[in-house]
Amino acid sequence: MQRSDQPVVQAHHAVFSVTALSSRFPVPPEIPADALWVLIVGQGVAIRDGDTPEIYAQAAPPPYARSGPVEYLGHRGTVPFYAVGLREDATLPEGLVVAGVRELFGRIPEEDLAIASFAVRMIGSAAASRFCGRCGHATEPVLSERAWKCPGCGLGVYPRISPAIIVLIIRGEEILLARSPRFPAGMHSVIAGFTEPGETLEHAVCREVREEIGITIKNIRYFASEPWPFPDSLMIAFVADYATGEITIDNNEIVSAGWFSRDNLPGLPARMSIARALIDWWINDEEFRS
């Protein structure tokens, strides 16, 4: 069995990491004619459906169809990519339908999935940043970086990133899996939660575990990270060992929890998540087998 104090650092393949695009600033004041567009409707993406859905449009919709901002996403090669928010009641061009980002997993290339999720995230960030939180003035986009600025008081506003921890807890040949009331029927996952002001990531790991399932842990080791665009998290994953205590669920964030071996696992998260990457790593790592 692997020594509990040995580092665990994985080259995790983060599905929603936008590695296909490079940012080029300053953004030109006029949108180039060869730009490709991602059309956002609420939390969904307008796609041309088929065996392999197409998420890009060759031209932006007319202004009357728009309700949200226009945001530069980046370049893939020489081609610039932009996103635009549409009115929820807007008539889409013939052949287009709206799909959620999660629905597109496994149906389109992963680099396109990452761009689609990034587009949803940036349109949501821009909509949430329309007005200054300090003086209430309408903000303006900054062309030199990914930000907005208040012309009234000068406050700079950046897309929100919410750091969250996620931890796989190991006890001998078992791992702890828990069920949130928000999960699909039968699905269990590892413990996760948002960090709070004034605490380290390691502190957040211990606190979330204690609050949600009542046990203590030790030997916290970094695993990997990934952007999780639902809506704006950065997931920082860890592995830890059980230390003391009996499982006591909070009946709020967690409605059931237990220890599971490899031969009695419940329903697990989708493979697009770092939660599943943690579990699969444990399942497949020969060093954890007796």
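Residues numbered from 1 in each chain as written. Predicted model: local features only at pLDDT ≥ 70, side-chain atom pairs only at ≥ 80, totals over all residues. Heavy atoms only, no water.

A. View of helix α2 (residues 201-213). Across its 13 residues, α2 extends 18 Å between first and last C-alpha, which sits within 8% of the 18 Å expected from 1.5 Å per residue. The secondary structure elements touched by the buried residues of α2 are β9 (162-171), β10 (174-179), β11 (191-194), β12 (216-228), β13 (233-244) and β14 (256-260). One or two residues past the end of α2 sits Gly214, with phi positive at roughly 75°. (Helix = DSSP H or I, 4+ residues; strand = E, 2+ residues; numbered from the N terminus. Expected span 1.5 Å × (residues − 1). Contact = heavy atoms within 4.5 Å.)

B. Inspection of the packing of aromatic side chains at higher detail. Counting across every chain of the model gives 10 aromatic pairs. Between Phe16 and Phe230, the ring centres sit 5.5 Å apart and the planes meet at 90°, which makes this aromatic pair edge-to-face. Note that Phe16 is positioned in the segment before β1 (36-41) and Phe230 in the loop between β12 and β13, a separation of 214 residues in sequence. Measuring from centroid to centroid gives 5.5 Å for Trp37 and Tyr82, while their planes differ by 35°, and the two rings are tilted. Taken as a pair, Trp37 in strand β1 and Tyr82 in strand β4 (residues 79-86) lie far apart in primary sequence, 45 residues in all. Through a chain of ring-to-ring contacts, the aromatic side chains of Phe25, Trp37, Tyr72 and Tyr82 assemble into a single cluster. Across the ring face of Phe230, the terminal group of Arg102 is positioned such that the distance to the ring centre comes to 3.8 Å. Positioned above the aromatic ring of Trp282 is the side chain of Arg262, whose terminal nitrogen or guanidinium carbon lies 4.0 Å from the ring centre. (Phe/Tyr/Trp six-rings, centres within 6.5 Å; stacked < 30°, edge-to-face > 60°. Lys NZ or Arg CZ within 6 Å of the ring centre and 35° of its normal.)

Spatial relationships are all this shows, so hold off on functional conclusions.
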